[in-house]
Amino acid sequence: MTDKLNIAVVGATGLVGETMLEILAAREFPADKVHAVASERSFGKTVAFGHRELPIETLSEFDFAQTDLALFSAGAKVSAEYAEQATAAGCVVIDNTSYFRNDDDVPLIVPEVNADEIENYRQRKLIANPNCSTIQLVVALKPLHDAAGISSVRVSTYQSVSGAGRKELEELATQSAELLAGKGRKNEKAYMAFNVWPQIDQFQDNDYTREEMKIVWETRRLLALPELPVSATAVRVPVFFGHAEAVTITTEKPLSARRARGLLAQAPGVRLLDDPAEKVFPTPALDTPNTDDVFVGRVRQDLIDEHGLNLWIVADNVRKGAALNSIQIAEILVKAYL
């Protein structure tokens, strides 16, 4: 491991960037210096890092030659412009955006699923962090796949507004307060308060959204099943933090709900909450905030396919779905390769 590791968090003033800094400090990541990097709009601000404040450094003027590792979470356009500038300067980049996820020579990583692929970062000094919904999905599916072989996946997501960013979170709070005060709805197309919105990202030629297709493409790649039948419906719901998913899988070998619960209870990164008689199951608001695990409940046999299982999967989308997953990758990278 490098004796003095310098790292940069790009997008340090965003929801994910702030959480990255929080987790880096809490887990005592082995860094000699941490740079908080953001756009010119944030110049002069500071962000919390443990018990101290870091000054914001401007991305357009930042010299990546002074860093060994950069965590990018400032949007795909920023990664498109700056990530490979960073790698050209000798810095390894873990990118939390969608920009590099479909590049075959950039490893797409969820540590509980395919940590052995991290070594392939050397080709371009890049590692891609998957979509938040895909991460929690594959963490839960991996132990079931290893035991019985997954042959198909159907998933409907219930994604919180934090997945869209800080501005949308604030708008949800404002809309909710206005409705509760009896002010009625404004004439807005995408009104989230007390509503559900069955579109996340842009529609593609096949009438699925890009968010839905990310789940399809990334699940196949992470499970190393390029032909796996996957179908997804992605829905935004008026929840502040935490994504939920209703999932149906079929398996090649018989897999009972009881055995599946046992496998999930022992799986790394998974917390099983599944006692229907006592109304024990995970929910975004009550179980996931500021937690690192992927929660699974409502495990039951499918009523249509004898090789089918139904699952309910919930996780903190800002932590495990973004910031934590990136830092888990970084921890392995630093320990084993840098």
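My aim in this report is to walk through the structure given alongside it, one point at a time. (Residues numbered from 1 in each chain as written. Predicted model: local features only at pLDDT ≥ 70, side-chain atom pairs only at ≥ 80, totals over all residues. Heavy atoms only, no water.)

**So, the pairing of strand 9 (residues 230-236)**
Of all 7 residues that make up strand 9, 5 are buried, and the element is covered over most of its length. Pairing of strand 8 (residues 150-159) with strand 9, which is carried by 7 bridges, proceeds in the parallel orientation. The partner of V153 across the bridge, within strand 9, is V230. (Buried < 20%, exposed > 50% of the residue type's maximum accessible area, 1.4 Å probe, protein only. Helix = DSSP H or I, 4+ residues; strand = E, 2+ residues; numbered from the N terminus. Pairing = 2+ DSSP bridges.)

**Observations regarding the sheet that holds strand 8**
Taken together, the 6 strands give an open sheet; going across it, the order is 9-8-10-13-12-11, and neighbouring strands pair in mixed fashion. A single partner strand is all that each edge strand has here, and the edge strands are strand 9 and strand 11 (270-272). With direction set aside, neighbouring strand axes in the sheet form an average angle of 25 degrees. Bridging between strand 11 and strand 12 (residues 294-301) involves 3 bridges; their strand directions are parallel. Residue pairing in the sheet places L272 in a bridge with V296 of strand 12. Its contacts with the sheet place helix 4 (residues 132-148) against strand 8, strand 10 (243-251), strand 11, strand 12 and strand 13 (308-315), and it is angled at close to 30 degrees to strand 10. (Axes fitted to C-alpha atoms, helices over the stretch in contact; angles between N-to-C directions. Contact = heavy atoms within 4.5 Å.)

**Digging into helix 1 (residues 15-26)**
A rise of 1.5 Å per residue sets the reference length of helix 1, with its 12 residues, at 16 Å; its end C-alpha atoms lie 17 Å apart and thus fit the reference within 8%. Listed in full, the buried residues belonging to helix 1 are L15, V16, G17, T19, M20, L21, I23 and L24. At the exit of helix 1 stands E28, carrying a positive phi of roughly 50 degrees. (Expected span 1.5 Å × (residues − 1).)

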